[in-house]
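Topology and contacts: notes
If you want the building blocks of each chain, they are given just below.
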Amino acid sequence: MSRIGLVLGGGGVTGAAHQIATLLAIEAATGWRPNDAEVVIGTSGGAVVTAMVRGRGLSIDSVVGDSEGLHDYADRLRSYLFRRGAPRKLGTWARHGLLRGIRRPGVNFVLGSPAPFRVDGIVEWIEHDYAEEHWPARPTIIVAFDLATGHRVAFGTEEAPDVSLADAVAASCAVPLIYQPHIIDGRAYLDGGVSSGTSADLVLGSPDPLDLLLVVAPMALRQPRQNRRFYEGFLDRAGSIALDEELERISAMWPHCETLVLTPSPRELEAMRANPMSPDRAAPSFFKTLRSLRSGLAQPEVWTVLERHLMPQSA
């Protein structure tokens, strides 16, 4: 059996729904369980899916829980994801956002800025539904961004602080302007996507080379979207450039490791619009992905790789 690495990139609520459908479709087609991956790396929405994979297993039941319908499911997501937080002082933003943004204009301006929501509900959600232990026994990396140092933090590695899975996922999901930074042991963390939407190069910390790296990246499209909105083009360019650089590093170190990058099709993207953080779009994104992958996984450039690495080989 091949050694598989799984990278689940950021993409908000709809991106996570896309990833869940993708992984379930791959499992149904090949019999390979995502939790069998040698290492799983999750960022932002992908961090939530990582907790599902490494927690109680990825299944329809693990996703919908006790929800009795689509509206009930969306309301349940909303109750965890969007909890209002008390306004915080502007000092953190001034030190780590405004001053840094003056020196290096761009996304730095919004780091640590005031935001309406807190991620406490995400901590509760992961603890209640998915985390069976402090940290998964199998190699698992959750990527966040340290606001003070301005560097990514790979929770689950020896270099990172020891935190719970729930706290790591919440930190990785703290999208600037939407969520306040998540404070763990006095340090402020933001969405890991600030550094990279995928951080695929972290697989190089594995003790042995992988045979296949499977990347599910909802926001790393290489082809322009139809009628794209301004922020979609920015996110796609940033995501694809970062991922390409990471894959180049992996190829240089592990020349025999194959990579398969799966991104949403145009039909799936329409279902994921217009707001990737909308709980109401989670179910449509999930079902559209399942329908699309009936033909998507059958594409020769996809299926030959899946068959070679994920399906049992006859003697």
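Read on for an overview of the structure. Note that the structure is predicted; figures quoted are calculated from it, not measured.

1. Description of the pattern of salt bridges
Per the stated rule, a full pass over the model turns up 11 salt bridges. Salt-bridge contacts for aspartate 75 lead to arginine 78; the nearest nitrogen and oxygen are separated by 2.8 Å. Placement of the pair is aspartate 75 and arginine 78 together in helix H4 (residues 70–81), with a separation of 3 residues, close to one helical turn. Judged by relative accessible area, arginine 78 falls into the partly exposed class, the value being 27%. Ionic pairing is found between aspartate 280 and arginine 78, a salt bridge with its closest N-O pair at 2.9 Å. Of this pair, aspartate 280 sits in the loop between helix H9 (266–272) and helix H10 (282–296) while arginine 78 is found in helix H4, placing the two residues 202 residues apart along the sequence. When salt bridges that share partners are traced, they join Asp75, Arg78 and Asp280 into one network.

2. Some thoughts on the pairing of strand S5 (residues 140–146)
With respect to burial, S5 is a largely interior element, 7 of its 7 residues being buried. Here S5 shows no split at all, with Thr140, Ile142, Ala144 and Asp146 on one side and Ile141, Val143 and Phe145 on the other all buried. Two elements, S5 and strand S6 (residues 151–155), share 5 bridges in a ladder whose sense is antiparallel. Residue pairing in the sheet places valine 143 in a bridge with alanine 154 of S6. Hairpin connection, S5 to S6: the antiparallel pair is bridged by 4 residues, and glycine 150 has positive phi, about 75 degrees. Across 3 bridges, S5 lies against strand S8 (residues 187–191) in antiparallel orientation. Among the inter-strand pairings, alanine 144 is bridged to a residue of S8, identified as aspartate 191.

Definitions and cut-offs
- Residues numbered from 1 in each chain as written.
- Predicted model: local features only at pLDDT ≥ 70, side-chain atom pairs only at ≥ 80, totals over all residues.
- Heavy atoms only, no water.
- Salt bridge = Lys/Arg side-chain N within 4 Å of Asp/Glu carboxyl O.
- Helix = DSSP H or I, 4+ residues; strand = E, 2+ residues; numbered from the N terminus.
- Buried < 20%, exposed > 50% of the residue type's maximum accessible area, 1.4 Å probe, protein only.
- Pairing = 2+ DSSP bridges.

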